[in-house]
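Survey of secondary and tertiary structure
The chain contents come next:
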Amino acid sequence: MKLILTVIQDKDSAKLLNALVEHNFRATKLASTGGFLKSGNTTFMIGTEDIRVEKALQIIKENCQSRDQLVAPVSPMGGNADSYVPYPVEVEVGGATVFVLPVEQFKQF
């Protein structure tokens, strides 16, 4: 048995959850916040049998797309402002960060 932890952008969460349910995966959805952009993320915990891990990863990949987004940089407080860029910068966001962990024991009460 494996536990799949995946961190995705909030924009992709409903689409991913629907796809997981459609393929009979059980998932727990948690609100989370990213450190870089300080924007809302969703973390899914998906428990599944070893033989279904690849299918789960395929569903995640198909439903969580990366995209470009303009972000306003935060000015440095007390630091060197020489490298500070005062205009929005385009960064790639989205996609999915996925961890697949072994489960030593699983119980349901």
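Up top you'll find the structure we're talking about.
Heads up: these notes are all about the structure in this document. (Residues numbered from 1 in each chain as written. Predicted model: local features only at pLDDT ≥ 70, side-chain atom pairs only at ≥ 80, totals over all residues. Heavy atoms only, no water.)

**Considering the side chain of Asp 12**
- For Asp 12, the position within the fold is in the loop between β1 (2–9) and α1 (13–22).
- Since its relative accessible area comes to 5%, Asp 12 is described here as buried.
- Dropping the residues within four chain positions of it, Asp 12 is found in contact with Asn 63, Cys 64, Gln 65, Arg 67 and Gly 95. (Helix = DSSP H or I, 4+ residues; strand = E, 2+ residues; numbered from the N terminus. Buried < 20%, exposed > 50% of the residue type's maximum accessible area, 1.4 Å probe, protein only. Contact = heavy atoms within 4.5 Å.)

**Focus: the sheet that holds strand β3 (residues 40–48)**
- The four strands lie next to each other as β2-β3-β1-β6, forming an open sheet whose pairing is antiparallel. Bordering the open sheet on either side are β2 (27–33) and β6 (96–102), each of which pairs with just one other strand. Within the sheet, the average angular offset between the axes of one strand and its neighbour, ignoring direction, is 20 degrees.
- Here β1 pairs with β6 via seven bridges, running antiparallel. The residue bridging Leu 3 from the neighbouring strand is Leu 101, located in β6.
- Contacts from α1 reach β1, β2 and β3 within the one sheet, and its direction differs from that of β3 by about 15 degrees. (Pairing = 2+ DSSP bridges. Axes fitted to C-alpha atoms, helices over the stretch in contact; angles between N-to-C directions.)

**A few points about helix α2 (residues 53–63)**
- Among the residues of α2, Val 53, Ala 56, Ile 59, Ile 60 and Asn 63 are the ones counted as buried. One side of α2 holds all its buried residues, which, seen down the axis, span an arc of 125 degrees. Of the exposed residues in α2, the ones pointing more than 90 degrees away from its buried face are Glu 54 and Lys 61.
- Against β1, α1, β3 and β6 lie the buried residues of α2. (Arc of directions from axis to C-beta.)

**A look at the packing of aromatic side chains**
- Under the counting rule described, the total for this entry stands at zero aromatic pairs.
- Its end group placed over the ring of Phe 25, Arg 52 keeps NZ or CZ at 4.0 Å from the ring centre. (Phe/Tyr/Trp six-rings, centres within 6.5 Å; stacked < 30°, edge-to-face > 60°. Lys NZ or Arg CZ within 6 Å of the ring centre and 35° of its normal.)

**What to know about unusual backbone geometry**
- Notably, Asn 24 is not glycine yet its phi reads approximately 60 degrees, a positive angle.
- Looking at the secondary structure, you find Asn 24 in the loop between α1 and β2.

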